[in-house]
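# An overview of the molecular structure
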Amino acid sequence: MSEDRTNVGGVAVATGHFINNVRVSSHATFEDRSPLDWSLKLADVARGTARDAEMAVSAALDAFPAWAALSTKQRAKYLHRLADLIDENVERIATVECLDMAMLVESLRLRVIPRAARNFRAYADLAESYEPRQWASNGTHNMVLRMPAGPTVVITPWNAPFMLSTWKCAPALAAGNTVVLKPAEWSPLSCSLLMDLVLEAEFPPGVFNLVQGMGDEVGASLVAEARVRRISFTGSPETGRRIGVAAAKNLVPFTAELGGKGPFVVFADADLDLATEKATLMYDDAGQVCLAGTRLIVEASIRDDFLERLTNLTEQHVLGDSRDRDTTISPLIHPDHFARVEGFVQRSLAAGDTLLFGGERLKDDGLWFEPTLIEPRDNDAEIVQREVFGPVLTLQTFESEAEAIELANSTKYGLTAMVFTSDQKKADRFGQSVRAGTIWVNCFLVRDLTAPFGGIGISGVGREGGDYALDFYSDLKTYQVKEETTNG
Ligand code: NAD
């Protein structure tokens, strides 16, 4: 056991696992570098093994009965304390996450990290205010009870690691489960800071654990654990399938929030200023956002007007260091991911798609890729059908409402969809017909934490958010009492 820490932008970050409220190191480590300057090594992070996974699950299993036995009010106190500590440490967390995954520091400070605190508060309150469904039937009084399910494994991706991890851990903990979190190996550091706060909030040992390491090593060991009772995953459809197979082997319920290829549909009657302003947001975080509407599908009569406005707005984007306030587009996370994004663009252009703007890396020595817009030769083009997860959008046109809906539904994904129109009835028809877990009309990225969230098709399995998440992390029981039963 050790307390290895490394200095990341002036913040001391522990590089080990966190099991039973103690930092644990591994014999092997992996290098974590900054996308802002790839020559900058941030840390040598513990590279977890099957043994570490086993230890963490044992800790979560041992801690489970006492945590599950607390009232929702008692658990809520811990969660609120953790939320307060996140708010008090926004600056430190934002500094580390900015260096580690290159998200804009202003966005982290103002939006993303405070949202993590809100995740804990919202689920604490929701679990506490649960009112079981009750009804009478067949001479019995019926009630739906929630019972904590057990140790829960949470596996998260490299984009927005702090917020996305808390989005899943908060409901699991509020529901009375203990947690083992494994963040992604490309941005592991901010979740380590979260464990410092777990300790400061005096969570009982073993309630909230963290293991670091590779997906196909410690990640695979965690999801293969028969003692785990829930698995919650966010990441790519490919990994989602693998985790689904592992979960099925032990009959463990799992949810998977997976990739997206959202349609962004603009009708001729839309407020074009609003639509183009929202369209340019699709380049935020260098397009590494699962919810983004990356397929721009506009009515043919406004195509040129829309393109001119979008081009003008996109020219105002500033590619730069994510720590600078003026920067609007950060670098991509990793050289491998950069090569993947660049490969999509090169194959698209080689196959005959048309480049409308962008398409190049910004400088030879960095991971910045220009905001790019491509007009595909047809709807089957790879650039339309597969998630790029970079600053690359496509532009397609439609002639009729039916064609707009057909194009919107023409991929295997179904995470989000956006539609811009001034006609409420048209929007409602779109909302009814389009296959996506979330549909935004004349807006983007408005989130209500009590709403169900998840994907259709290869964008996900199951729903989290609000009571949907608390139900998932619980075993629901039907409790039936014959009506004449008396007290005593
Ligand atoms: P990924 O699937 O490569 O990795 C995600 C996590 O899974 C990482 O922690 C990784 O270590 C782990 N992992 C990999 N193989 C594993 C295995 N065999 N067993 C257990 N764990 C394993 O995804 P990524 O590249 O980190 O993230 C990008 C993807 O995530 C994109 O497709 C994006 O759309 C998606 N995403 C979805 C949402 C959503 O809410 N739907 C949110 C953010 C990101």
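The sections below set out a description of the structure shown in this document. Position numbers for residues start from 1 in each chain and track the written sequence from start to end. Totals for whole chains, interfaces and linings use every residue, but because this is a predicted model, local features are given only for residues with pLDDT of at least 70 and side-chain atom pairs only at 80 or more, for both listing and counting. The side-chain values count all of the structure's non-hydrogen atoms but skip hydrogen atoms and water molecules.

### Side note on the pattern of salt bridges
The term salt bridge refers to a pairing of a side-chain nitrogen on Lys or Arg with a carboxyl oxygen on Asp or Glu at a separation within 4 Å. In the structure shown here, the tally under the stated rule is 32 salt bridges. Residues Arg5 and Asp196 are paired through a salt bridge, measuring 2.9 Å at the closest nitrogen-oxygen approach. With Arg5 in strand S1 (residues 5-8) and Asp196 in helix H6 (residues 189-200), this pair connects stretches of sequence that are 191 residues apart. Exposure classes here rest on a 1.4 Å probe applied to the protein chains alone. A residue is buried below 20% of its type maximum, exposed above 50%, and partly exposed in between. Note on Arg5: relative accessible area 37%, which makes it partly exposed. Its relative accessible area of 17% is what places Asp196 among the buried residues. Going along the chain from the N terminus, every DSSP run of H or I of four or more residues is numbered as a helix, and every run of E of two or more is numbered as a strand.

### A few points about the site of the ligand
The nearness test applies per residue and asks whether one of its heavy atoms lies within 4 Å of the molecule or strand. Taken together, 28 residues form the shell around the ligand, and within it Glu185, Ser236, Thr239, Leu258 and Glu387 come nearest. Between N or O atoms, a polar contact is any pair within 3.5 Å; within protein, one atom must be a potential hydrogen donor and the other a potential acceptor, and residues adjacent in sequence are included only when both atoms are from side chains. For the ligand, an oxygen atom lies 2.8 Å from a polar atom in the backbone of Thr156. Here Gly215 contributes a backbone N or O atom positioned 3.2 Å from an oxygen atom of the ligand. Accessible areas in this description were obtained via Shrake-Rupley with a 1.4 Å probe; residue shielding takes into account the shown protein chains only. Within the complex, 89% of the 860 Å² of free accessible area of the ligand lies under protein. One can see that the ligand is located within the largest pocket. Broken down by secondary-structure element, the contributors of at least two residues to the shell around the ligand are helix H7 (215-224), strand S12 (230-234) and helix H8 (237-249). Looking at the shell around the ligand, the element that brings in the most residues is H7, giving three residues. Buried and open spaces are told apart on a 1 Å grid over the protein atoms alone, a cavity being a set of points where a 1.4 Å probe fits but cannot get out and a pocket being an open set with protein on both sides within 12 Å along at least five of seven lines. Residues with an atom within 4 Å of a point are the lining residues. Occupancy of a cavity or pocket is assigned to a molecule whenever over half of its atoms lie within 2 Å of that pocket's grid points.

### A word on the pairing of strand S8 (residues 140-148)
As paired strands, strand S7 (residues 134-137) and S8 are joined by four bridges and run antiparallel to one another. If you follow Gln134 over to S8, its bridge partner there is Met143. Counting the residues between successive antiparallel strands, the hairpin from S7 to S8 contains two residues, one of them, Asn138, with a positive phi of roughly 50°. At least two DSSP bridges between two strands are required for those strands to pair. Across nine bridges, S8 lies against strand S22 (residues 474-482) in antiparallel orientation. When the sheet's bridge partners are listed, Pro148 is paired in S22 with Ser474.

### Quick notes on helix H10 (residues 303-315)
Residues three or four positions apart in an α-helix share a direction because the helix packs 3.6 residues into each turn. One less than the number of residues in a helix, times 1.5 Å, gives the span that helix is expected to have. Over its 13 residues, H10 runs 18 Å from end to end, which matches the ideal 18 Å to within 8%, given 1.5 Å per residue. Two residues form a contact once any of their heavy atoms are found within 4.5 Å. If you follow the buried residues of H10, they end up packed against strand S14 (263-266), helix H9 (272-280), strand S15 (295-299), strand S16 (354-357), strand S17 (372-375) and strand S18 (392-398).

### What to know about the layout of surface pockets
In this structure, the largest pocket occupies an estimated 1,200 Å³ of space. For the largest pocket, the lining is made up of 41 residues, of which Phe233, Gly235, Ser236, Glu238 and Thr239 are closest to its centre. For the lining of the largest pocket, the secondary-structure elements that each account for two or more residues are H7, S12, H8 and helix H11 (335-350). Ranked by the residues each element gives to the lining of the largest pocket, the list is headed by H8, at seven residues. Grid points are joined across faces, edges and corners, and a volume is the space filled by probe spheres set on the points.

### Overview of the packing of aromatic side chains
Stacked, tilted and edge-to-face are the three classes applied to pairs of Phe, Tyr and Trp rings, where Trp contributes its six-membered ring and a pair requires centres within 6.5 Å; stacked means planes under 30 degrees apart, edge-to-face means over 60, and tilted covers the rest. Tallied over the full model, the rule gives 14 aromatic pairs. What links up through ring pairs into an aromatic cluster is the set Trp67, Tyr78, Phe203 and Phe208. One Lys or Arg, Arg230, reaches over the ring of Phe472 and ends 5.6 Å from the middle of that ring. Only when the NZ of Lys or the CZ of Arg is both within 6 Å of the ring centre and within 35 degrees of the ring normal is a charge said to sit over the ring. Note that Arg447 overlies the ring of Phe453, its terminal NZ or CZ placed 4.2 Å from the centroid.

### Some words on empty space enclosed by the protein
Counted by the stated rule, this structure contains two cavities of 30 Å³ or more. In this structure, the largest cavity encloses a volume near 60 Å³. Looking at the largest cavity, it is lined by 13 residues, and the ones nearest its centre are Gly260, Val289, Thr294, Glu387 and Phe389. Looking at the lining of the largest cavity, its residues break down into six nonpolar, five polar and two charged. Here the second largest cavity is characterised by a volume of approximately 50 Å³. Lining the second largest cavity are 13 residues, and of these Pro263, Tyr413, Gly414, Thr416 and Arg435 sit closest to its centre. Asp, Glu, Lys and Arg are counted as charged, while Ala, Val, Leu, Ile, Met, Phe, Trp, Tyr, Cys and Pro are counted as nonpolar; the rest, among them Gly, fall into the polar class.

### Considerations on the sheet that holds S7
The three strands lie next to each other as S7-S8-S22, forming an open sheet whose pairing is antiparallel. Looking along the sheet, the strands with just one partner apiece sit at the ends: S7 and S22. On average, each strand axis in the sheet is inclined to that of its neighbour by 30°, with strand direction left out of account. In this analysis, axes come from line fits to C-alpha atoms, helices being fitted only over the stretch in contact, and the angle between any two N-to-C directions falls in the range 0 to 180 degrees.

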